[in-house]
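Commentary on secondary and tertiary structure
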Amino acid sequence: MAFNKENFNRDWFILRSLVSKDFKLKYRRSALGVLWSVLNPLLMMVVLTAVFSTVFRFDIENFPLYLILGQTLFTFMSDATSSAMGSIIDSAPLIKKIRINKVLFPLEKVCFALVNFVVSLIAVAAVMLFFRIVPTVNILLLPFLLAMLFMFSLGIGLLLSALSVFFRDVMHLWSVLLTAWTYATPLFYPVDILPDWAVPIMNMNPMYYYVSYFREIALYGNTPSLEQTLVCLLCGVGALIVGLFVFKKQEKKFILYV
C-alpha cells in the first residue's frame, strides 16, 4: 500500500509540474496571457456568426451561443487529442533518461486542454449573459459531461500517441480527419438540414452527442435523455479502454522508436 501511495504521489507531482510548465510556456511573453483563452472563442464566434448569419442564414435562435457552445467543446477534444498524439515523441529525451510512467505524458496534455476549456467557459458565460439565458439546475450536469468527454479524449489521445511512435504519418492524417470531423459535427448548422442519407452517419458521430448534451443543459435548460447520456458514457469508457489497452501493450517498445 505504501509503495502504491508513493508511486501515486510521485506521478501526481509530475503531472502537476508538466501542466504548470505547459501553462507557462503557452502564455510566456504574451501581453494578454490567459485572457486569450477567453478572447479566442469569442473572436471566432463573432467571425463565424457574421459569416453564417449573412451567407447561409441558418434559422437558429441565439445562434452565437449555439455556435460557441459547440465550438469550445469541440476545440477541447481537438486540442486534447492533437497534443496528446505527439506527447511521447516530444518527451523522448526524458523517456530515454529516467524511468517514468509514460501514460502521464498524454494524460497531461488532456488535462491541460481541460484547463483551457474551463477558462474559456468565461466566454460562454459572457454570451449567455448577453442573451439573457438563465442557466437551470441542469447546468450542474456539466462536470459529468466533461468527465465523459475527458475519458473519450484521453482514450483517443492514448491510441494516437502509441500509433504515432511507430507510424509518423498518423500525425498528418489526424489533422485531416479533424478537419473533416469539424464539418461532420453540427457546430454551426442545424441537424435538420441534413439529407436523409446523412442522418445515420451523424448518429455514429460521438461528438454530435457531446455537443448536443452541452447545448441541452446550457442553451435549452433541458435534462438530456437517458439514451443520450448512455451514448456519451459508453463512447467515453469505450475509447478509454481501447486507448489504454493499445498504449500499455506497446509502451515497452517506445524507447526503441522515439
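Here goes a summary of the coordinates provided. These numbers come from a predicted model, not from an experiment.

Quick notes on the rules
- As a convention, each chain's residues are numbered from 1 in the sequence order in which they are written.
- Where totals are concerned, whole chains, interfaces and linings use all residues; where local detail is concerned, this predicted model gives features only for residues with pLDDT of at least 70, and gives and counts side-chain atom pairs only at 80 or more.
- Each side-chain value is derived from all of the structure's non-hydrogen atoms; neither hydrogens nor water enter the calculation.
- Only DSSP runs of H or I covering at least 4 residues are called helices, and only runs of E covering at least 2 are called strands; the numbering of each starts at the N terminus.
- Pairs of residues are marked as contacts when any of their non-hydrogen atoms sit within 4.5 Å.
- Methods summary: accessible areas were calculated by the Shrake-Rupley approach with a probe of 1.4 Å, and residue burial reflects only the protein chains presented.
- Throughout, a disulfide means two cysteine sulfur atoms within 2.5 Å of one another.
- Note on aromatic pairs: the rings of Phe, Tyr and Trp (six-membered ring only in Trp) are paired at centre separations within 6.5 Å, and the planes decide the class, stacked below 30 degrees, edge-to-face beyond 60, tilted for the rest.
- The criterion is that NZ of a Lys, or CZ of an Arg, lies within 6 Å of the ring centre and within 35 degrees of the ring normal, and then a charge sits over that ring.
- The axes used here are C-alpha line fits, helices contributing only the stretch in contact, and every angle between their N-to-C directions lies in the interval 0 to 180 degrees.
- An angle counts as roughly parallel when it lies under 35 degrees, as roughly antiparallel when it exceeds 145, as roughly perpendicular when it falls between 65 and 115, and as oblique in every other case.
- In this scheme the crossing of two helices becomes right-handed for a clockwise turn of the near helix relative to the far one and left-handed for an anticlockwise turn of less than a right angle.
- Throughout, the ten residues Ala, Val, Leu, Ile, Met, Phe, Trp, Tyr, Cys and Pro are labelled nonpolar, Asp, Glu, Lys and Arg are labelled charged, and all others, Gly among them, are labelled polar.
- Patch members must show over 30% relative accessible area and no salt bridge, and they are joined within 9 Å when carrying like charges or within 5 Å when they are nonpolar side chains of Val, Leu, Ile, Met, Phe, Trp or Tyr.
- A side-chain nitrogen of Lys or Arg and a carboxyl oxygen of Asp or Glu constitute a salt bridge if their distance falls within 4 Å.
- To estimate the expected span of a helix, count its residues, drop one, and scale the result by 1.5 Å.
- A simple rule labels every residue: compare its accessible area, found with a 1.4 Å probe on the protein chains alone, to the largest value its type can have, and call it buried under 20%, exposed over 50%, or partly exposed in between.

**With respect to the overall build of the chain**
From N to C terminus, the chain includes twelve helices and zero strands. Helices and strands appear in the chain in the N-to-C order α-α-α-α-α-α-α-α-α-α-α-α. Look at the contacts in the chain between residues 6 or more apart in sequence, and 78% of them connect residues 24 or more apart. Surface accessibility of the chain: about 14,300 Å² in total, with carbon and sulfur atoms responsible for 68%.

**Things to note about the state of the cysteines**
Scanning the model with the defined rule gives zero disulfides in all. In this structure Cys235 is a free cysteine whose sulfur lies 6.9 Å from that of Cys232, the closest cysteine sulfur available.

**Remarks on the environment of Ala184**
Within the secondary structure, Ala184 is located in helix α8 (residues 169-184). The spacing of Ala184 and Asn205 is 21 residues in sequence and 8.0 Å in space, taken between C-alpha atoms. Discounting residues that sit within four places of it in the chain, Ala184 has contacts with Tyr189, Met202 and Asn205.

**With respect to the packing of aromatic side chains**
Pairs of aromatic rings are described using the distance from one ring centre to the other and the angle between the two planes. Scanning the entire structure with this criterion turns up 14 aromatic pairs. A connected cluster of aromatic rings, assembled from ring pairs, spans Phe74, Phe152, Trp174, Trp181 and Tyr210. Directly above the ring of Tyr66 sits Arg215, whose terminal nitrogen or CZ lies 3.5 Å from the centroid.

**So, the packing of helix α7 (residues 142-166) against helix α10 (residues 206-220)**
Close contact between α7 and α10 brings their axes to 10 Å; oriented N to C, the two are set at 165°. The angle between the axes of α7 and α10 places the two elements in the roughly antiparallel class. As for how α7 packs across α10, the hand of that crossing is left-handed. Where α7 approaches α10, its residues Leu142, Phe144, Leu145, Met148, Leu149 and Phe152 are matched on the opposing element by Pro206, Met207, Tyr210, Tyr213, Phe214 and Ile217. Here the contact of α7 with α10 is composed, by residue class, of twelve nonpolar, no polar and no charged.

**Let's talk about a nonpolar patch on the surface**
A cluster of nonpolar side chains, Phe144, Leu226, Leu230, Leu233, Leu234, Val237 and Ile241, forms an exposed patch at the surface whose accessible area comes to about 640 Å². With six residues, the top contributor of residues to the nonpolar patch is helix α11 (residues 226-250). With respect to the helices and strands, Ile241 occurs in helix α11.

**A closer look at α7**
One full turn of an α-helix is made of 3.6 residues, so residues set three or four places apart face in the same direction. End to end, α7 covers 36 Å across 25 residues, agreeing with the expected 36 Å (1.5 Å per residue, within 8%). Counting buried positions along α7 yields 18 of 25 residues, so the element is predominantly enclosed.

**Concerning helix α6 (residues 104-130)**
Taking 1.5 Å as the rise per residue, α6 with 27 residues should run 39 Å; its terminal C-alpha atoms sit 39 Å apart, in good agreement. Just beyond α6, the residue with positive phi is Arg132, at close to 60°.

**Here we look at the pattern of salt bridges**
Tallied over the entire structure, the rule returns three salt bridges. With a closest N to O distance of 3.9 Å, Lys109 and Glu108 form a salt bridge. Residues Glu251 and Lys248 are paired through a salt bridge, measuring 3.4 Å at the closest nitrogen-oxygen approach. Residue classification places Glu251 among the buried residues on the basis of a relative accessible area of 15%.

**Examining the packing of α6 against α7**
Orientation of α6 relative to α7, taken along the N-to-C sense of each, is 145°, at an axis distance of 9 Å. The hand of the α6/α7 crossing is right-handed. Contacts between α6 and α7 pair Pro106, Leu107, Val110, Cys111, Leu114, Phe117 and Leu121 from the former with Leu142, Leu146, Phe150, Ser153, Leu154, Gly157, Leu158 and Ser161 from the latter. Of the residues that constitute the contact of α6 with α7, the class distribution is twelve nonpolar, three polar and no charged.

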